[in-house]
Amino acid sequence: MTILDEREGSRETAVNPKLERRARRRDAWRGFFHAAPAFLYLTLFFTLPLIIVFVFSFASRGRTGRPLLEAWNIDSWTRLFEPLVRTIAVRSFWLAVLNTALCLLVGYPFAYWIATRRKQATRNILLVAVLIPFWSNFLVRTYAWRMLLDSDGYITQFGEMTGLWGRLLFTVPAVFLGLLYGYLPFMVLPLYAAIERLDWSLVEAGRDLYASGAAAFRRITLPLSRPGIIAGSILVFIPSLGAYVTPDILGGAKTTLLGNYIVTQFGAARNWPFGSSISGAILIVMLAVTVFYFRSGGRTL
Amino acid sequence: MDGQAAVTLTGVTKKFGEEVTAVDDVDLEIRDGEFFSLLGPSGCGKTTTLRMIAGLEFPTDGSVQIFGEEMGLRPPNKRPVNTVFQSYALFPHMNVEQNVGFGLRMQKVEPSEIARRVAEAIDLVRLSGMEKRAPNALSGGQQQRVALARALVNRPKVLLLDEPLGALDLKLRQTMQLELKDIQHEVGITFVYVTHDQEEALTMSDRIAVMNEGKLAQVGMPEEIYGSPVSLFVAGFVGDMFFLPGEVAEAGAVRLAGGQIVRAKTSSSPGTAVTLTLRPEMIHLYASSSELPPDRNTLDGTIARKIFYGDSMFYEVDVGVVGSFDVRVENAPSMRRWEVGDSVVIDFHPESATALAE
């Protein structure tokens, strides 16, 4: 067999291995071009800064607070084990756990209700309603909450009128009100997706096999909506762990959480290396949580 | 079969909204120990009827009784029946054993008793050794058996089956048909079987209810349904059938479109427009009517087409305005062969032809 000229590969057969390989490579490149804008953007403004943060976490702090890269050490990482950091981390952790639990408790029945509406149109309207808060900025919405919870706000006035509560602003309940408000949609949406694709004949089979309504829910509906529960919990837990705006504006920044502690390091304390190491540590924890999610059988978020 | 009623439906009607009447005033008595089929095309209300017996759907009107007990609005978990669902509805988060034991666990049966009965049920459907498998690691036929075991393990008074073999391929379906019938014999409980497959209904059932547009079209034993359909719908839905338009000439005789008068079973009065129904297997071909005894019905025709099928020959016989007949003749050495253009005589026994009015 003669060696075929590449351009005239059709001399003996229309396609030969060489041409097929080239076609495949062209295809791969075409795919990359589609992804290129996002790829470049993320590399420049996400991956690169992340690497910078990571690198700075090994720098030492100069006398004026300037990070010195040439005198690198792991002091900032060892500082993570100081009691103060641990206290703040534990506090943030519990705040995130509690908020996740609250969102799940409030969000599950709601998602279930939406997902079980007979008409697709009704379900769509309700889902859009869940997303309406995103039409305005998170910060603006949090300030709106501040007005509601302040001394002359409606919620405080109602509480004082009924004698149930006083001024809520700058209290722990205010922080949770704000967090629940902010993150509830992130819980409802994946739960909705999971419940909506549930095979209801399984629930019917359960009822047919002597399960009461409650038993069928506990034994069938709940375990089968687990992917949604896990996805929603991660989507709420991760941002709650680093929550900064809500505790700051509604909680009055009275208690230090990881979020504002990091801000302090980069700002007032002028300790970039330490701020970087805390940020890095949180990232690693979140990564671990996410990996756990995918390992435990979760699917698309 | 002691004749006691296992399930009694009285005036059962189910409406979905204002417009849709899925089941329309159905009266039905299913006897104890019977293999009873609800047969009909999709949307005829057979599945809805089954679901009302199960309690998965409540009737809009009427009464459902199980062994004389009024079910009313009783939820499915409080009814002495179990269902084998169309798509099996096996719990994906439980293995075979857990699936089968689910009903007993819900009934708070002793764990040792559960273990014993689950093993028994798994053995009954020949799935021993698969106890720890997940449902999605099983083949369609095996899943079907798990669904069956999961229902039977509870020893229901009535087992409801909603097109349980619909998802299986032909070969497996035929095997499972026999197996289901054997299992029913073995456990001796009443089976109510929903299917759109008339052959399946005929081969398995003690009695069949043919449904159409929410109503009962005919209830009877397979032989009756097949041999003496009461309406054109039943005649057309169950088995293959030739339909020949005509009118009643006199009692027991029908005039066909070509003027030929043939004898047939009919209950209509002379002059009524009827359709003569005739089973293909009741038709035979001869060279001339002189070869036949005088009491037979004959029609003259010509061979229009022939196709070789291996085990049989297929002839299309043209009988002018009356229509054309597809006749299959088994290939035996003694069998006469015809060629296209040959004149033939179609023969059928008067008893095998039924004239039905619209």
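Structural data are supplied above this passage.
Residues numbered from 1 in each chain as written. Chains lettered and ligands numbered in written order. Predicted model: local features only at pLDDT ≥ 70, side-chain atom pairs only at ≥ 80, totals over all residues. Heavy atoms only, no water.

Caption draft 1: Spotlight on the environment of arginine 91 of chain A. All names here are of chain A. Along the chain, the position of arginine 91 falls in helix H3 (residues 83–115). Overall, the relative accessible area of 33% leaves arginine 91 in the partly exposed class. What arginine 91 contacts, discounting residues up to four positions off in sequence, is Thr255, Thr256 and Leu257. (Helix = DSSP H or I, 4+ residues; strand = E, 2+ residues; numbered from the N terminus. Buried < 20%, exposed > 50% of the residue type's maximum accessible area, 1.4 Å probe, protein only. Contact = heavy atoms within 4.5 Å.)

Caption draft 2: Main features of the packing of helix H4 (residues 120–131) of chain A against helix H7 (residues 172–196) of chain A. All names here are of chain A. One can describe the packing of H4 onto H7 by two numbers: an axis separation of 10 Å at closest approach and a directional angle of 160°. Between H4 and H7, the crossing angle belongs to the class labelled roughly antiparallel. H4 and H7 meet at a crossing whose hand is left-handed. Residue-level inspection shows Gln120, Arg123, Leu127, Val130 and Leu131 of H4 in contact with H7, the latter providing Pro185, Val188, Leu189, Tyr192 and Glu196. Grouping the constituent residues of the contact of H4 with H7 by class yields seven nonpolar, one polar and two charged. (Axes fitted to C-alpha atoms, helices over the stretch in contact; angles between N-to-C directions. Parallel < 35°, antiparallel > 145°, perpendicular 65-115°, else oblique. Left-handed = near helix turned anticlockwise from the far one by under 90°. Nonpolar A, V, L, I, M, F, W, Y, C, P; charged D, E, K, R; others polar.)

Caption draft 3: Structural view of the layout of surface pockets. By volume, the largest pocket is sized at about 560 Å³. Counting only elements with at least two residues in the lining of the largest pocket, the list comes to helix H8 (200–208) and helix H9 (213–224) of chain A. (1 Å grid on protein atoms, 1.4 Å probe; cavity = no way out; pocket = protein on both sides within 12 Å on 5 of 7 lines; lining within 4 Å. Points joined across faces, edges and corners; volume = space filled by probe spheres on them.)

Caption draft 4: Quick peek at the pairing of strand S8 (residues 190–195) of chain B. All names here are of chain B. Extensive coverage of S8 is indicated by the burial of six of its six residues. Residues Thr190, Val192 and Val194 of S8 are buried on one face, and the alternating residues Phe191, Tyr193 and Thr195, pointing to the opposite face, are buried as well. Pairing analysis gives five bridges linking strand S3 (residues 35–39) to S8, with the strands arranged parallel. Within the sheet, the bridge partner assigned to leucine 38 lies in S8 and is valine 194. (Pairing = 2+ DSSP bridges.)

Caption draft 5: Layout of the interface of chain A and chain B. Facing 16 residues of chain A, the contacting portion of chain B comprises 25 residues. Of the roughly 1,800 Å² buried at the junction of chain A and chain B (both faces included), carbon and sulfur atoms supply 62%. Together, Asp208, Leu209 and Tyr210 of chain A form the three largest contributors to the area buried by chain A at its contact with chain B, with a combined 43%. Seen at the junction of chain A and chain B, the total is one salt bridge. In this structure, the salt-bridge partner of glutamate 204 of chain A is arginine 51 of chain B, at a minimum N-O distance of 2.5 Å. Counting the contacts that link chain A with chain B gives six residue pairs in polar contact (both at pLDDT 80 or more). Counting only elements with at least two residues in the side of chain A that touches chain B, the list comes to H8 and H9 of chain A. Among the elements that line the side of chain A that touches chain B, the one with the most residues is H8 of chain A, at seven residues. Of the residues in the side of chain A that touches chain B, the class split is nine nonpolar, three polar and four charged. (Buried area = accessible area lost by both parts, 1.4 Å probe. Salt bridge = Lys/Arg side-chain N within 4 Å of Asp/Glu carboxyl O. Polar contact = N/O pair within 3.5 Å; in protein donor to acceptor, adjacent residues only side chain to side chain.)

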